[in-house]
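Residue-level structure breakdown
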Amino acid sequence: MNLIARKAEGRRQAVGIDVGGTNLRAALIDEDGRISTPIYERVITDRQGFAQRIETIVGLLDQSSSGPVGIGLPGRVDVQRNRAVSAGYLDIAELPIPELLGGEMGRVVRLDNDAAMALRAEMAIGAAQGFSNVVLLTIGTGIGGACAMGGKPVQGHSFAGQLGHITVHATGGALCKCGRYGCVETTSSGSALGRLVREAGLPEGMRAAELLQRGRAGDALALTVLRQWAGPLRCAIETLIAAIDPDLIVLGGGLGAEAFAALDYAPFNSEWFQRPIRAAILGDDAGMIGAGLCALAFAATQVGEAAAC
Ligand SMILES: [Zn+2]
């Protein structure tokens, strides 16, 4: 059954794709964020292979060849130009993905940062449902983020939401890949936790869940590492609250739930900057769901404009 047939049944669907540094997730997403025919696989990092695989996946999921497509990408995405500007290990900067997928033939293809896509999903059907002003921090290998104000993602000039690059050590911090020192990504990401575990002399590769378990049992070394990991994150969250005062902060990404739990060991520093914090609930599917919802919302806008003409 193709998308046109599905539309005839009254359910609109879009292809939603979430491209991570390692894994790719794709599926058909309906207006309620429901997933069908998911595809989970390793991402192809070379430019030509990536382009070919995306075309193939979209063709497999949408046999109508005209349904909307949303793609969340790591790194910086210029949503005005609909282009990836930098995407970590993926060699896809300036790759004309919308054109490759038929964008010039009128197909809706929307690109955005993966965290911005995940935020859309959490606001629609996840932890931030019912909230208008939301900050999402994605805690994984690095730290990403996205903000929504008045129910809409904040895009700024091009790259709003680079929340991993909030400075938490003005002097003396570690060098970040952005070129500055002391960004929260260098202190509170998954990579940072691995370093803290090593430096503390704990077993190499000890996971956050085990640290939390040891912390709950009163293990002093684990508690020290948890405070070192979560303290700067608490500081970054307070800075975000000071800057934009969201209704809610959501912690997502592969370590979102663990970072949320670790904040118990890093109490707030100021009464001024407190807002509710929650762990994301959609897990690894959030980016894919949000990408589909983004494409559906954009397609609906275009239909509205055409009708207005
Ligand atoms: Zn940085």
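These remarks concern the structure in this document. Worth saying up front: this structure is predicted, and the values here are computed from it rather than measured. (Residues numbered from 1 in each chain as written. Predicted model: local features only at pLDDT ≥ 70, side-chain atom pairs only at ≥ 80, totals over all residues. Heavy atoms only, no water.)

1. As for the packing of helix 6 (residues 190-199) against helix 8 (residues 220-244)
Axis separation between helix 6 and helix 8 bottoms out at 10 Å; the angle between their running directions is 150°. Between helix 6 and helix 8, the interaxial angle falls into the category roughly antiparallel. In the packing of helix 6 onto helix 8, the handedness of the crossing is right-handed. Counted together, L193, L196 and V197 of helix 6 and V225, Q228 and W229 of helix 8 form the full contact between these two elements. (Axes fitted to C-alpha atoms, helices over the stretch in contact; angles between N-to-C directions. Helix = DSSP H or I, 4+ residues; strand = E, 2+ residues; numbered from the N terminus. Parallel < 35°, antiparallel > 145°, perpendicular 65-115°, else oblique. Left-handed = near helix turned anticlockwise from the far one by under 90°. Contact = heavy atoms within 4.5 Å.)

2. What about helix 7 (residues 208-216)?
Because each turn of an α-helix spans 3.6 residues, side chains separated by three or four positions end up pointing in the same direction. All buried positions along helix 7 are accounted for by A208, L211, L212 and G215. Angular distribution of buried residues about the axis of helix 7 spans 100°; they occupy a single face of the element. Those residues of helix 7 that are buried are in contact with helix 6, helix 8 and helix 9 (256-262). A positive backbone phi angle near 90° is found at G218, which sits one or two residues after helix 7. (Buried < 20%, exposed > 50% of the residue type's maximum accessible area, 1.4 Å probe, protein only. Arc of directions from axis to C-beta.)

3. Re the coordination of the zinc ion
The reference angle at a metal is 109.5 degrees if four donors form a tetrahedron and 90 or 180 degrees if six donors form an octahedron. The protein atoms that coordinate the zinc ion are H165 (ND1), C176 (SG), C178 (SG) and C183 (SG), at distances spanning 2.0 to 2.3 Å. Because the angles between the 4 donor atoms bound to the zinc ion fall within 99 to 121°, the donor set is best described as tetrahedral. Within one chain, the residues donating to the zinc ion are spaced in sequence as H-x10-C-x1-C-x4-C. Using a relative accessible area of 5% as the deciding quantity, one classes C176 as buried. The class of C178 is partly exposed, set by a relative accessible area of 38%. (Donors = N, O, S within 2.8 Å, 3.2 Å for Na, K, Ca; no water. Tetrahedral: all angles 85-135°; square planar, octahedral: opposite > 155°, others 65-115°.)

4. A closer look at the side chain of R234
Here R234 shows up in helix 8. We note that R234 is buried and unpaired, the nearest opposite charge coming from E238 at a distance of 5.0 Å. Beyond its immediate stretch of four places on either side in the chain, R234 contacts L263, A266, P267, F268, N269 and I277. (Lys, Arg positive; Asp, Glu negative; His and termini not counted. Salt bridge = Lys/Arg side-chain N within 4 Å of Asp/Glu carboxyl O.)

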